[in-house]
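Listed below, chain by chain, are the residues.
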Amino acid sequence: MTLTTSRRRFLQGAAASTVLLVGMRANGVMAAASETTDINPFVRIDATGRVTAIVKHFEMGQGPSTGLTTLIAEELGVTMDQIDYDFAPSNPQVYNNLLFGTFQGTGGSTAMANSFVQYRNAGAAAREMLIAAAASDWGVDESTLDIVAGQITGGGKSAPIADFVASAVSQDVPAEPRLRTPDEWRLIGKEGAVKRKDTAVKIDGSGTFAMDFHFDNQLVVMIAHAPRMGAVVKSFDDTDAKGMTGFEMAKTLPDNSGVAVFADTTWNAMQARDAIVVEWDNTNAEMRSSDTIRDELIAGVEMGEATYQTRGDQIDTANAISGAAKVIDKTFYFPLLAHAPMEPLTCTIEPIADGGVVLHDGAQFPTFGHMTLTQVLGLPMEKVQVKTVLAGGSFGRRANPTADYNLECAMAFALTDRSRPVKLVWSRDDDIRGGYYRPAFAHRVRVGLDEAGQIIGWDHRISGQSIMKGTAMEPMIVHDGVDHSSIEGVADTVYNVPGMSVGLTDHAKATSVLWWRSVGHTHTAFVMESMIDMIASETDTDPLELRLSMLPGKTPAQTRMAGVLNKLAELSNWKAGAPDGQSRGLAVHHSFGSFVAEAVDVSGGGDDAVKIEKVYCAVDCGIAVNPDVIRAQMEGGIGFGIGHVMRDQITLTDGEVDQTNFPDYEPLRISDIGAIEVAIVASADAPTGVGEPGTPPSGPALANAIARAGGPRVTMLPMIDEVEFA
Amino acid sequence: MTRELKLNGQTISTNAQDGTPLLWVIRDELKMTGTKFGCGVASCGACTVHIDGEPTRSCQTFVEDVEGVEITTIEAMSKDKIGAAVQQAWTELDVVQCGYCQSGQIMSAVGLLAENKKPTADEIDEYMWGNACRCATYQRIRAGVQRAAEILEA
C-alpha cells in the first residue's frame, strides 16, 4: 500500500461528529460539560479552541506524540503550545498503520513514514472546514482566509477557531484538502521550532505509565514462570504463601505455562510468588545449553549447501573465489539478547459496567492485545477497549505476535470472578529470564580478492532461528521459505558486490525469539561492515574510499548511502582522522528506508583498555520532521547498539537462562560512552525510519575502531570476552 | 504496626511491615508513582529518592530504617531550587525519551549538584554511573547537569 491510497477513503469514512464530553482538564479539574468536537478521527477541538491530536502510535520515547502532533499543528495553523495529544483507542479500521494493512500497531520504524501524509491531510481538512464555516458566516471567499496561530484570519477579519468549531463539522469534508507547501512550513524540519510534547510529565513524576495504574480494589498478579522454555506446570505448593500478608490465591494458568499468584499489592505479590514451589514438567522443554546452540549455528554456516539460496549461485561464487589471489574467511557469532526496557512488562484489565473490559497498556500492537482479550475472555470486539498509556521503552519487546503479557493478564483475569481489576506485573528477573530474545545468529563470509585487490567473489552464509515463521507475520515477511528478516542488510545490500551469493539455513527453535531494535540488521550490518573494513585493511585502502567505490551511484539508494558517508566525512573531519592517541572506525548501513553512517573514536586498544571517546553520525531519513527528535533517536540507537555488542548476552545452561537482572545483563552506563554528534542530510524525500536505523552501524563502527587501534578483530560477540573496556 | 514517616515535608503513616522496601510504600501504599520500579536490586537507579538529601535507592531501603529521616521524591522537585533548575535544563535540552528512568536521573542529578556546583563531565559520569537509561539519553543527561549548574550560577 502506498502512503496516499487511503487519503480519500479516510476523509470520507471519518464521519465528522460533535460529541458532548465531560473530561478532565490537564490540571485535574473536572471540565464542566465542555463541548468537544471530533473534526475527524485525528483532530479534536474543544469549546475554547484547544486542539488535541489523536496519536495512533504509542510513545516509547521515539517521539510520535511530538511528531504526529507537529503534522496536525502545521496544517491546521496552530502553535505547538495550542495543541495537546492523546493516544488513539484501539480501532484498526481507523487507526491502522497504513503499512500494516488493517492492523493498528507501531513497529519497523514506520510511525512517521506511514503518518506523514495522513496526519497532514487530517490537519488540512480540519483547517478547510473551519475556514469554510468562517467564510460562510463572514460572506467572504474561502481562498482569502487562512489559520495562523489558532486565529482564522483574512479579508480584514480575524476570529479564534473556537468560534467556528461547532459550525465547521457541518461543512463538506474536503476530499483533497490542500496541503501546505514546504515553503510555508513553520514547524516541519525547522530547528528549534518544536519541543517534545512528553517532556513535562516525564520530569515531575506525573506521567502515567502502565506500571503506574492503580485501582483501589485491584488484584496484582505475578506469574511463576517456567525456568525453561516449553516446560509446563506439573503441580505447585502454596502452603507457605497462605497466611502471608495480602496473598489472595494461586492458580495454574489455563495453558499450564505458569502459576498466577494474586495479592493486594505488588510487594505482597512478589513475596507470595517467591513462597510458592512449582514442580515443572520438562518433557517438551528446551534442555540444551547455549554453547550447544552456538555450535549448531556455526556448523550451519560451515557445512555444505544452505537450505535457501537467497542470492546468486554458491557454486559460481566458490569457483570465482578458488581463483582469488587472497581470501578473507571469517565466522561471526551473535548471542541471544534481551530487550530489557526500563519499565518491566505490565498491563491492567479493568472490568466495566457494560460487562466489557478495558486493557490499560503501553500498547505497541493494540490490535493483537484487543483480539487476544476477546478470545480469552469470550467477549465481542466492541466490549474490549484498549487504552494506550506511556510505555517505558520497548525496543521491540512490547510488540509481540503472541501478545504474551496481554495474554497472561487475560488468562489471570479469567481465573478470577472478573469483578476486580487485575494488574499483571513482571519483575526484572521475569524480563531477563522470560524469553523473547533477539535470536542467536552465525554468519560465515569468504571474500575473494584478485591481484588488484578487487572483490571477485563474496560467499555469505547465515544461520539462525527465524523470527517470523510460525507467527501472524509469516505471510508478509516469509517468501519461498526465506524469512527476509534473517537476511535483510546482506542479500539486499546497497553496495555493488561482484560475485555475491547468500545462503540461509534456518536453525530449529531453541528459544522464543522476537524482533529487537533493528531486527536482522542487528547482525547483518555488523558482518557486512566488518568484512568491508577487513578488505580495506587487506588492500591498504581508505575505508571510506573503499565504501564509496562500492556505491557508484547506480541506484538512488547508492547515491544516498554515499551521501551520508560524505556528510560523515565532513562532520568528523575524516581526512584529519582521529585525535592523537585515538583510532577511528567507520560503518554505514541502510535500514527501514534510512541511511546512517557512523564513526567511533576510541582510545586505548592493544594492551590498554578501550574507551569510546566520541561518536559521529550522519543520517538521511528523508524530510526531517523533528530534527532534534531524530538526533535523539540516533544518539539512543547508537548507545543501545554499542552497549549490547560490548558486553551483553543471554546464555542457557541445560535450558535455563543464566542471567537474572541488570547486574549480569549490564546496561550501557553513562561512563561507557562519550559525546555523540549527529548531522542530518537535507532531503526532500518522504520521511523514513529513525527509531531503529541508528543502531545497526554502531556495533561494527566500534569493532572497526578497536581493530584499527591494534586490538583484536572481534567477530564473536559480545566483545567483552576479548576486549577490556575502560 | 503503624509508623510515621516524613515525606516531602509532610508526616504520613504507614502500616508496612518490617522488610518492606520504601519503594513499595511510596508506590503501592501512598500511590505516588513518580518513583519507578526498574530492577528491585539497586542496579538501575529508577527508584532513586533522597534520604536526608542523599540520593538513595528506595528498592533496597527498608521502611524500618527510614523513621525520622527526611524522605524526598521527584514529586517535590519543582519546589526545590536545584530540582527546578534540573527540570528546566531537562526541558531546554529535551533530555527524555521513554522517560521511565528520568525521575531517578533527576534525583541523582540534584544530589550531585548539591555537593558539586560545577561538575566536570568525568565527575558527572562517576556520580551518575548507577542510573541506567536503556534509551541511552546519557549525553543529554551530561549536558543537562551542566546546563542546570549554569542556571543555578546565574
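As the structure is a prediction and not an experimental result, all values here were calculated from the model. (Residues numbered from 1 in each chain as written. Chains lettered and ligands numbered in written order. Predicted model: local features only at pLDDT ≥ 70, side-chain atom pairs only at ≥ 80, totals over all residues. Heavy atoms only, no water.)

Caption draft 1: Spotlight on the domain arrangement of chain A. All names here are of chain A. Assigned domains of chain A: these are domain 1 (7-203), domain 2 (210-283 + 345-425) and domain 3 (290-337 + 437-721). Taking the mean C-alpha position of each, domain 1 and domain 2 sit 36 Å from one another. Listed by partner, the interface residues are 17 residues for domain 1 and 18 residues for domain 2. Here domain 1 and domain 2 share an interface that buries about 1300 Å² over both sides, 67% of which is from carbon and sulfur atoms. (Domains from an automatic or database assignment. Contact = heavy atoms within 4.5 Å. Buried area = accessible area lost by both parts, 1.4 Å probe.)

Caption draft 2: Focus on the packing of helix α2 (residues 64-76) of chain A against helix α3 (residues 111-138) of chain A. All names here are of chain A. Remark: α2 packs on α3, axes separated minimally by 7 Å, with the N-to-C direction vectors making an angle of 35 degrees. In this structure, α2 meets α3 at a crossing whose hand is right-handed. Counted together, P64, G67, L68, L71, I72, E75 and L76 of α2 and A111, M112, S115, F116, Y119, R120, A122, G123, A124, A126, R127 and L130 of α3 form the full contact between these two elements. Within the contact of α2 with α3, the residues separate by chemical class into 13 nonpolar, three polar and three charged. (Axes fitted to C-alpha atoms, helices over the stretch in contact; angles between N-to-C directions. Helix = DSSP H or I, 4+ residues; strand = E, 2+ residues; numbered from the N terminus. Left-handed = near helix turned anticlockwise from the far one by under 90°. Nonpolar A, V, L, I, M, F, W, Y, C, P; charged D, E, K, R; others polar.)

Caption draft 3: Quick look at the side chain of N704 of chain A. All names here are of chain A. Tracing the backbone through its elements, the reader meets N704 in helix α18 (residues 698-708). Owing to a relative accessible area of 0%, N704 belongs among the buried residues under this scheme. Residues contacting N704, with those up to four places away along its chain left out, are E529, S530, D533, R547, G585, L586 and R713. (Buried < 20%, exposed > 50% of the residue type's maximum accessible area, 1.4 Å probe, protein only.)

Caption draft 4: The state of the cysteines, seen in detail. Residue and element names in this part refer to chain B. Tallied over the full model, the rule gives zero disulfides over all chains. C39 carries a free sulfur, and the closest cysteine sulfur to it, the one in C44, is 3.9 Å from it. Unpaired in this structure, C98 has its nearest cysteine sulfur neighbour in C135, at a distance of 3.8 Å. A residue is classified by how much of its surface remains accessible, and C98, at 2% relative accessible area, is buried. (Disulfide = S-S within 2.5 Å.)

Caption draft 5: How the structure looks around the interface of chain A and chain B. At the junction of the two partners, chain A supplies 58 residues and chain B supplies 50 residues. Buried area between chain A and chain B, summed over both chains or domains, comes out near 4400 Å², and the portion from carbon and sulfur atoms is 56%. When residues of chain A are sorted by the area they lose upon contact with chain B, I203, M342 and I670 of chain A head the list and together hold 19% of the total. Taken together, the connections running from chain A to chain B amount to four salt bridges. Among the elements that line the side of chain A that touches chain B, the one with the most residues is helix α17 (residues 627-647) of chain A, at nine residues. (Salt bridge = Lys/Arg side-chain N within 4 Å of Asp/Glu carboxyl O.)

Caption draft 6: Expanded view of the packing of aromatic side chains. Residues and elements named next belong to chain A. The final tally for this structure, using the stated rule, is 17 aromatic pairs over all chains. With a centroid separation of 6.3 Å and an interplanar angle of 50 degrees, the aromatic rings of F100 and F103 are classed as tilted. You can call F100 partly exposed: its relative accessible area is 22%. Every member of this aromatic cluster is reached through a ring pair, and the members are F100, F103, F365, F368 and W515. In this structure, R120 is placed above the aromatic ring of F116, and the distance from its NZ or CZ to the ring centre is 4.3 Å. Above the plane of the ring of W516 lies R438, whose end atom (NZ or CZ) is 6.0 Å from the centre. (Phe/Tyr/Trp six-rings, centres within 6.5 Å; stacked < 30°, edge-to-face > 60°. Lys NZ or Arg CZ within 6 Å of the ring centre and 35° of its normal.)

Caption draft 7: The arrangement of unusual backbone geometry in detail. Residues and elements named next belong to chain A. Look at the link from L717 to P718: it is a cis peptide, with omega at 0 degrees. Tracing the backbone through its elements, the reader meets P718 in the segment after α18. With phi around 55 degrees, D540 is a residue other than glycine that occupies positive phi space. In this model, D654 sits at a positive phi of 50 degrees, which is unusual for a non-glycine residue.

Caption draft 8: Representation of the domain arrangement of chain B. Residue and element names in this part refer to chain B. Considered domain by domain, chain B is made up of domain 1 (3-73) and domain 2 (76-153). One C-alpha centre belongs to domain 1, the other to domain 2, and the line joining them spans 20 Å. Facing the 15 residues of domain 1 at the interface are 13 residues of domain 2. Taking both partners together, domain 1 and domain 2 bury about 1100 Å²; carbon and sulfur atoms supply 53% of that area. Taken together, the connections running from domain 1 to domain 2 amount to zero salt bridges.

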